[in-house]
Amino acid sequence: MLIAAGEGDPRTRAQEASDAEVAVHTVEDAAGTVRVATELIAPGDVVFVKASSEYGLGACAREPATY
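The rules behind these values
- Residues numbered from 1 in each chain as written.
- Predicted model: local features only at pLDDT ≥ 70, side-chain atom pairs only at ≥ 80, totals over all residues.
- Heavy atoms only, no water.
- Helix = DSSP H or I, 4+ residues; strand = E, 2+ residues; numbered from the N terminus.
- Buried < 20%, exposed > 50% of the residue type's maximum accessible area, 1.4 Å probe, protein only.
- Contact = heavy atoms within 4.5 Å.
- Areas by Shrake-Rupley, 256 points an atom, 1.4 Å probe, with all protein chains shown as cover.
- Arc of directions from axis to C-beta.

(A) Molecular detail of the overall build of the protein. The secondary structure content of the protein amounts to three helices and two strands. In the protein, the succession of α and β elements from N to C terminus is β-α-β-α-α. A burial count over the protein gives 21% of its 67 residues as buried. When contacts within the protein are restricted to residue pairs at least 6 apart in sequence, those whose partners lie at least 24 apart make up 44%. Of the roughly 4900 Å² that the protein leaves accessible, carbon and sulfur atoms contribute 52%.

Here it is as structure tokens:
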């Protein structure tokens, strides 16, 4: 799973850069990223956060788990 955040069409860029079997979810901002991630991530999942400071996505890595 890949959550792509940003203006424009991050889905196109993300899908081009990922394996065709990766589910891509797009959001507009950091709040949307946290919302989607908490809906989809389950206990035991491994999460890699590649965050852009331009969109303030570093806050996503600091969010406490809420499952």
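(B) Quick look at helix α2 (residues 30-40). Within the sequence span of α2, burial applies to Ala30, Gly32, Thr33, Val36 and Ala37. For α2, the buried positions fall inside an angular range of 155° around the axis, keeping them on one side. Exposed residues on α2 whose side chains face more than 90 degrees from its buried face are Ala31 and Glu39. For α2, the elements touching its buried residues are β1 (2-5), β2 (24-27) and α3 (58-62).

(C) Molecular detail of the environment of leucine 57. Of note, leucine 57 is situated in the loop between α2 and α3. Among the residues examined, leucine 57 registers a relative accessible area of 9% and is labelled buried.

(D) Up close: the environment of glutamate 54. Assignment of secondary structure puts glutamate 54 in the loop between α2 and α3. Residue class for glutamate 54 comes out exposed when judged on its relative accessible area of 64%. Along the backbone, glutamate 54 and glycine 6 are 48 residues apart, and their C-alpha atoms lie at a distance of 9.3 Å.

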